[in-house]
Amino acid sequence: MSQPEKRGVSRRSFLKGSAVAGIATTGLSAATARPSAPPGPQTFGPGEHEITLRINGAERKVKVETRTTLLDALRDRCDLTGAKKICDRGACGGCTVLVDDAPVNSCLMLAMDAIGHDVRTVEGLADGAQTHPLVDNFVQCDALQCGFCTPGMVMSSLACLEKRGKPTVEQMRDDLSGNLCRCGTYGRVMEAIQKTAGAADNGGGGR
Ligand code: FES
Ligand code: FES
């Protein structure tokens, strides 16, 4: 004979119901109490991504892979070939550009790491026929022979001038120590820096 269905809540169903409710409540309060998770790292790759770089005061959109160096992005994607790829390992300074006013070996910096920073290349020192006094003084002081190291040398010299105003010989040696010149133009490069600094003192550009 079948048992008549019991009415109301049995002890067993009450305990089961309490447990479920407890879990649900705990879960709910945990979810409510948990602080909003910080955004995870942005992932890139494989393949190219479009990024925006600020180069010589202008925004440039370039497509790069995550492994693309700033030097390759400048030369191959922006057609700015002033910075030279000589050693490609941070030993010669031929690829020097300024990033937020500091000289940087662009062969050692990833293009993506330059996002949000001001990049200046040697091309930024000319505006049509108008060139920066430092460039003019490199020419006047005959501070180049083959010229291969020159763009990097000019950018390190510019950083030295901007940082120090009127650098001493010791300071110039320090600031140019990362730039190698196989033609041995160091003395004349320092002359060009001093001439520019002296002219700036007199309110001119040393032309
Ligand atoms: S090419 Fe970058 S330091 Fe030589
Ligand atoms: S001018 Fe030739 S390497 Fe410097």
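The structure reproduced in this document is the subject of the present report.

### Examining the nonpolar core
Core analysis: the largest hydrophobic core is formed by 22 residues, its most contacted members being Leu134, Phe138, Met153, Leu158, Leu176, Val189 and Ile193. Secondary structure elements with two or more residues in this core: α3 (133–140), α4 (150–164) and α6 (186–201). By residue number, the principal contributor to this core is α4, which donates seven residues. In contact with Leu134, other than residues within four places in its own chain, are Val154, Ser157, Leu158, Leu161, Ala192, Ile193 and Thr196. Formed by 21 residues, the second largest nonpolar core is a distinct cluster that contains Ile51, Val99, Ala111 and Met112.

### Let's talk about the pattern of salt bridges
For the structure shown, the criterion picks out eleven salt bridges. Close ionic contact of Asp118 with Arg54 constitutes a salt bridge, the shortest N to O distance being 2.7 Å. Of this pair, Asp118 sits in strand β5 (residues 118–120) while Arg54 sits in strand β1 (residues 49–55), placing them 64 residues apart in sequence. The class of Asp118 is partly exposed, set by a relative accessible area of 36%. A salt bridge links Arg120 to Asp101; the shortest N-O distance between them is 2.7 Å. In this pair, Arg120 is assigned in strand β5 and Asp101 in the loop between β3 (96–99) and β4 (102–105), connecting sequence segments 19 residues apart. According to the relative accessible area criterion, Arg120 is partly exposed, its value standing at 24%. Ionic contacts of the salt-bridge type, sharing partners, join the residues Arg54, Glu59 and Asp118 into one network.

### Overview of the pairing of β4
Both β3 and β4 contribute to a ladder of four bridges, which runs antiparallel. Bridging from a neighbouring strand, Val99 pairs with Ala102 of β4. Where β3 folds back onto β4 in an antiparallel hairpin, the turn is made up of two residues, including Asp100, whose phi is positive at roughly 50°.

### Comments concerning the sheet that holds β3
Across the sheet, which stays open at both edges, the five strands sit in the order β2-β1-β5-β3-β4 with mixed pairing between neighbours. Both outer strands of the open sheet, β2 (58–64) and β4, are each paired with one neighbouring strand and no more. Within this sheet the neighbouring strands show an average axis-to-axis angle of 45°, counted without direction. Packed onto the sheet, helix α2 (residues 70–77) meets β1, β2, β3 and β5 and runs at close to 100° relative to β2.

### Regarding the side chain of Lys84
Along the chain, the position of Lys84 falls in the loop between α2 and β3. Polar contacts involving the side chain of Lys84 include one to the main-chain carbonyl oxygen of Thr81, which spans 2.9 Å. Setting aside anything within four residues of it in sequence, one finds Lys84 in contact with Leu71, Arg75, Gly94, Cys95, Phe148 and Pro151.

### Let's talk about the layout of surface pockets
Looking at the largest pocket, its volume works out to about 200 Å³. Taken together, Ile86, Cys87, Cys92, Gly94, Cys146, Phe148, Cys149, Leu180, Cys181, Arg182 and Cys183 form the lining of the largest pocket. Residue composition of the lining of the largest pocket, grouped by class: nine nonpolar, one polar and one charged.

### A word on the environment of Pro151
Relative to the assigned elements, Pro151 resides in helix α4. The spacing of Pro151 and Gly93 is 58 residues in sequence and 9.4 Å in space, taken between C-alpha atoms. Not counting residues up to four positions away in its chain, the partners in contact with Pro151 are Gly82, Lys84 and Val122.

### Overview of α4
Compared with an ideal rise of 1.5 Å per residue, which puts 15 residues at 21 Å, α4 spans 20 Å between its outermost C-alpha atoms and is within 8% of the ideal. Just downstream of α4, Gly165 is the residue with a positive phi angle, here 75°.

### Here we look at the environment of Glu191
Its location among the elements puts Glu191 in helix α6. Sequence-wise, Glu191 and Ala143 are 48 residues apart; in three dimensions their C-alpha atoms are separated by 8.1 Å.

### Considerations on the pairing of β1
The pairing of β1 with β2 spans seven bridges and is antiparallel. By the bridge assignment, Arg54 is partnered in β2 with Glu59. Where β1 folds back onto β2 in an antiparallel hairpin, the turn is made up of two residues, including Asn56, whose phi is positive at roughly 50°. In this structure, β1 lies alongside β5, joined through two bridges in parallel fashion. When the bridges of β5 are listed, Ile55 appears paired with Val119.

Calculation notes
- Residues numbered from 1 in each chain as written.
- Chains lettered and ligands numbered in written order.
- Predicted model: local features only at pLDDT ≥ 70, side-chain atom pairs only at ≥ 80, totals over all residues.
- Heavy atoms only, no water.
- Core = buried A, V, L, I, M, F, W, Y, C linked by side-chain atoms within 4.5 Å.
- Buried < 20%, exposed > 50% of the residue type's maximum accessible area, 1.4 Å probe, protein only.
- Helix = DSSP H or I, 4+ residues; strand = E, 2+ residues; numbered from the N terminus.
- Contact = heavy atoms within 4.5 Å.
- Salt bridge = Lys/Arg side-chain N within 4 Å of Asp/Glu carboxyl O.
- Pairing = 2+ DSSP bridges.
- Axes fitted to C-alpha atoms, helices over the stretch in contact; angles between N-to-C directions.
- Polar contact = N/O pair within 3.5 Å; in protein donor to acceptor, adjacent residues only side chain to side chain.
- 1 Å grid on protein atoms, 1.4 Å probe; cavity = no way out; pocket = protein on both sides within 12 Å on 5 of 7 lines; lining within 4 Å.
- Points joined across faces, edges and corners; volume = space filled by probe spheres on them.
- Nonpolar A, V, L, I, M, F, W, Y, C, P; charged D, E, K, R; others polar.
- Expected span 1.5 Å × (residues − 1).

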